[in-house]
Amino acid sequence: MTESETTTPRYGVDPYLEWVNGEGIPVIDGGYAIDLFTVETGHWARVDTKAAAVHLTGRGDFNNMFLYEVAPGGSTGTIKHIFEDIYYVLDGHGSTQLEFPDGRKRSFEWGPKSMFSIPINVAHRFFNAGGRERALICATSNMPLVMNTFHNERFIFDNPAEFIDREGQENYYTGEGTFIPIRAGNHLWETNFVPDMSVLGLQSYADRGGGSSNIKFVLAEGIMSGHMSEMPVGTYKKGHRHGAGTHVICVTGHGYSLLWYEGDTDYTRIDWHHGVVFPPCDGQLHQHFNTSHEPARYLAMGIGNVRYPFTQKKRQTMIGEKGQRQRSSLSIKEGGNQIEFDDQDPRIHALWLEEMKKAGVTPGMDAWVKS
Ligand SMILES: [Fe+2]
């Protein structure tokens, strides 16, 4: 017998899952959605803080979520890596210290509802400035993509490569940025840090209906995507679909989303408030509804942005190819990814009217949907 006949053949391997299951932190299978405030964390020796990996049904092939919990008055260890992530602060006040390959250091201070990115392979650590409360920070990352490509821990965490084009302008860690007008729905805010996502200025996105507005991000010159959307009081947006991995997290207000596949006779419903996150699955239709007495904002974090779409699907959805209109705002009936209000299942509006009654909020959709 040769050696190859006596050893177990190795096949069907997911190097990312093998790696994360060996890290000693809770790896949470959260189903479609999870409230990140309820997730249990455990000590992560690699980062020297409490953490968890959060896997949701719609995370797709490229993305995951990490959750970091920094003890009152404590800090994480220093880490650098060549995967990218978008951090969103759920709770707590603190700072991030960066150390660039040439030895320069800089830091910036964050608080609840801050968002930031760190240029790939720049060393960083988090400090919790609060003496009593934990700091809780989630991060949508492309670690699965990177680990499944290289399956080499040293390449990812101990790599001498310098990515000097990723640092961005000096003011990108002060809360400032560059507004880059592209088109309604695709206007860009280029920065590395947004101090408070609940008050960031947005742009009208009339094609999505319901008075919706948004802004998209380019962060640390990376390939991760972020966008912030808002639904005014008494409104909801058109249903739409796109690829997997876009982690939607509620920032202000509360409401619910419906998820379904074309041809389904029923909906999966997710009720959300600050801290609830869910990534719709690949090609799964979904629609967001504000039922609160304040504008509802959500941050969506995934892979592929307006500058670097990364996948053909994302390019078709956001940019449009070969002179075609971008599919994100084109009706499904015309080969696009959006369900116009006139075409939506009447049960959707009826359910929403019921929810508005329960919530005591005056419906404000008359301009878009006939009751
Ligand atoms: Fe979406």
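Everything below is about the structure shown above.
Described in the following lines is the structure provided in the data block. Every value quoted in this text rests on a predicted model; they were computed, and no experiment measured them.

## Thoughts on the overall build of the protein chain
Within the protein chain, the secondary structure is distributed over six helices and 25 strands. A compact globule built from 371 residues should have a C-alpha radius of gyration of about 21 Å, and the protein chain, at 21 Å, falls within 12% of that. Taken along its principal axes, the extent of the C-alpha atoms in the protein chain is 65 × 60 × 40 Å. Taking the intrachain contacts of the protein chain between residues at least 6 apart in sequence as the baseline, contacts between residues at least 24 apart amount to 71%. Accessible surface for the protein chain amounts to roughly 16000 Å². Of this, 49% is attributable to carbon and sulfur atoms. Each charge sign in the protein chain was given a centre, from 34 positive and 45 negative side chains, and these centres are 4 Å apart.

## Here's the deal with helix α6 (residues 346-359)
With 14 residues, α6 extends 20 Å from end C-alpha to end C-alpha; this agrees with the ideal 20 Å at 1.5 Å per step. Along α6, the residues that are buried comprise Ile-348, His-349, Trp-352, Glu-355 and Met-356. For α6, the arc enclosing every buried residue in end-on projection is 120°, short of the 170-degree limit, so these residues lie on one face. Residues Pro-346, Lys-357 and Lys-358 are exposed on α6 and point more than 90 degrees away from its buried face. The inward-facing, buried residues of α6 contact β20 (255-260), β21 (268-272) and β23 (285-290). In the stretch just after α6, Gly-360 is the one whose phi turns positive, near 70°.

## Looking at the pattern of salt bridges
A full pass over the atoms with the stated rule returns 20 salt bridges. Between Asp-158 and Arg-154 there is a salt bridge; the shortest N-O distance is 3.9 Å. Looking at Asp-158, the relative accessible area reads 47%, which means it is partly exposed. Given the relative accessible area of 61%, Arg-154 is considered exposed. For Asp-343, the salt bridge goes to Lys-333, with nearest N and O atoms at 3.0 Å.

## Some details on the coordination of the iron ion
Only His-240 (NE2), His-242 (NE2) and His-286 (NE2) from the protein reach the iron ion as donors, at distances of 2.1 to 2.2 Å. Here the donor residues of the iron ion share one chain and are spaced in sequence as H-x1-H-x43-H. Highlighted residues: His-242 in the loop between β18 (239-240) and β19 (247-252) and His-286 in strand β23, separated in sequence by 44 residues. Comparing His-242 with His-286, the two get one shared label, buried.

## Here we look at empty space enclosed by the protein
Over the atoms a probe the size of a water molecule is rolled, and this reveals where empty space is left. Applying the stated rule across the entire model yields four cavities of 30 Å³ or more. In this model, the largest cavity occupies a volume close to 340 Å³. As for the largest cavity, its lining consists of 27 residues, of which Arg-208, Lys-216, His-227, His-242 and Met-318 are closest to the centre. Of all the elements in the fold, those that place two or more residues in the lining of the largest cavity are β16 (213-219), β17 (224-231), β23, β24 (296-303) and α5 (312-319). If one sorts the elements of the lining of the largest cavity by residue count, β17 sits on top with four residues. When its residues are assigned to classes, the lining of the largest cavity shows eight nonpolar, 15 polar and four charged. If you add up the space inside the second largest cavity, you get close to 60 Å³. Lining the second largest cavity are Glu-84, Asp-85, Ser-117, Ile-118, Pro-119, Ile-120, Arg-166, Leu-219, Ala-220, Gly-222, Ile-223 and Met-224. Broken down by class, the residue content of the lining of the second largest cavity amounts to seven nonpolar, two polar and three charged. For the lining of the second largest cavity, the domains that each give at least three residues are domain 1 (3-163) and domain 2 (171-359).

Definitions and limits used
Residues numbered from 1 in each chain as written. Predicted model: local features only at pLDDT ≥ 70, side-chain atom pairs only at ≥ 80, totals over all residues. Heavy atoms only, no water. Helix = DSSP H or I, 4+ residues; strand = E, 2+ residues; numbered from the N terminus. Rg over C-alpha atoms; globule rule 2.2 N^0.38 Å. Contact = heavy atoms within 4.5 Å. Areas by Shrake-Rupley, 256 points an atom, 1.4 Å probe, with all protein chains shown as cover. Lys, Arg positive; Asp, Glu negative; His and termini not counted. Charge placed at Lys NZ, Arg CZ, Asp CG, Glu CD. Expected span 1.5 Å × (residues − 1). Buried < 20%, exposed > 50% of the residue type's maximum accessible area, 1.4 Å probe, protein only. Arc of directions from axis to C-beta. Salt bridge = Lys/Arg side-chain N within 4 Å of Asp/Glu carboxyl O. Donors = N, O, S within 2.8 Å, 3.2 Å for Na, K, Ca; no water. 1 Å grid on protein atoms, 1.4 Å probe; cavity = no way out; pocket = protein on both sides within 12 Å on 5 of 7 lines; lining within 4 Å. Points joined across faces, edges and corners; volume = space filled by probe spheres on them. Nonpolar A, V, L, I, M, F, W, Y, C, P; charged D, E, K, R; others polar. Domains from an automatic or database assignment.

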